[in-house]
Amino acid sequence: METQAAVRSLTDTMAKFTAYIGKHLPTDVEEKLQELRARETKPLAKAVFASMADNQEAADRLDRPSCQDTGVIQYFITAAAKFPLLGELEDVLRNATLEATRNSPL
């Protein structure tokens, strides 16, 4: 029973994490986009940066994905051989993705 609770907890945590990263850019990426937008001089490129900023603002305000094409979710996991849920990890990540897709939506 303890393993089931740990699996549920890890699945919930990964579902929340997966939902979050689909909606929010990392701070360093946002800062770089702002910097590039401020330095841009070409009208078309300025319009693209403005559209990207508007899209991210709407994603934050509406709690929706920041891009309509979020791509394919991939997890890159490093775990020690004695990680207690190593055998369940594939199912945990699959279920976390399903939950994030159902609840967020992605």
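Residues numbered from 1 in each chain as written. Predicted model: local features only at pLDDT ≥ 70, side-chain atom pairs only at ≥ 80, totals over all residues. Heavy atoms only, no water.

A word on the nonpolar core
Then, in step 1: M14, A15, L89, L93 and A96 form the largest nonpolar core, which has five residues in total.
Then, in step 2: Listing elements by their share of this core, those giving two or more residues are α1 (2–21) and α4 (89–103).
Then, in step 3: Looking at which element gives the most residues to this core, the answer is α4, with three residues.
Then, in step 4: Not counting residues within four places of it along the chain, the set of residues in contact with M14 comprises Y75, L93 and A96. (Core = buried A, V, L, I, M, F, W, Y, C linked by side-chain atoms within 4.5 Å. Buried < 20%, exposed > 50% of the residue type's maximum accessible area, 1.4 Å probe, protein only. Helix = DSSP H or I, 4+ residues; strand = E, 2+ residues; numbered from the N terminus. Contact = heavy atoms within 4.5 Å.)

Examining unusual backbone geometry
Then, in step 1: The backbone of D63 shows a phi angle near 55°, a positive value even though the residue is not glycine.
Then, in step 2: Within the secondary structure layout, D63 lies in the loop between α3 (43–62) and α4.

Some details on the packing of helix α2 (residues 27–39) against α3
Then, in step 1: Contact geometry of α2 with α3 gives a least axis separation of 10 Å together with a crossing angle of 145°. Viewed along their axes, α2 and α3 form a crossing whose handedness is left-handed. Where α2 abuts α3, its residues E30, L33, L36 and R37 lie against K46, F49, A50, M52, A53 and Q56.
Then, in step 2: Across the contact of α2 with α3, the residue classes tally to six nonpolar, one polar and three charged. (Axes fitted to C-alpha atoms, helices over the stretch in contact; angles between N-to-C directions. Left-handed = near helix turned anticlockwise from the far one by under 90°. Nonpolar A, V, L, I, M, F, W, Y, C, P; charged D, E, K, R; others polar.)

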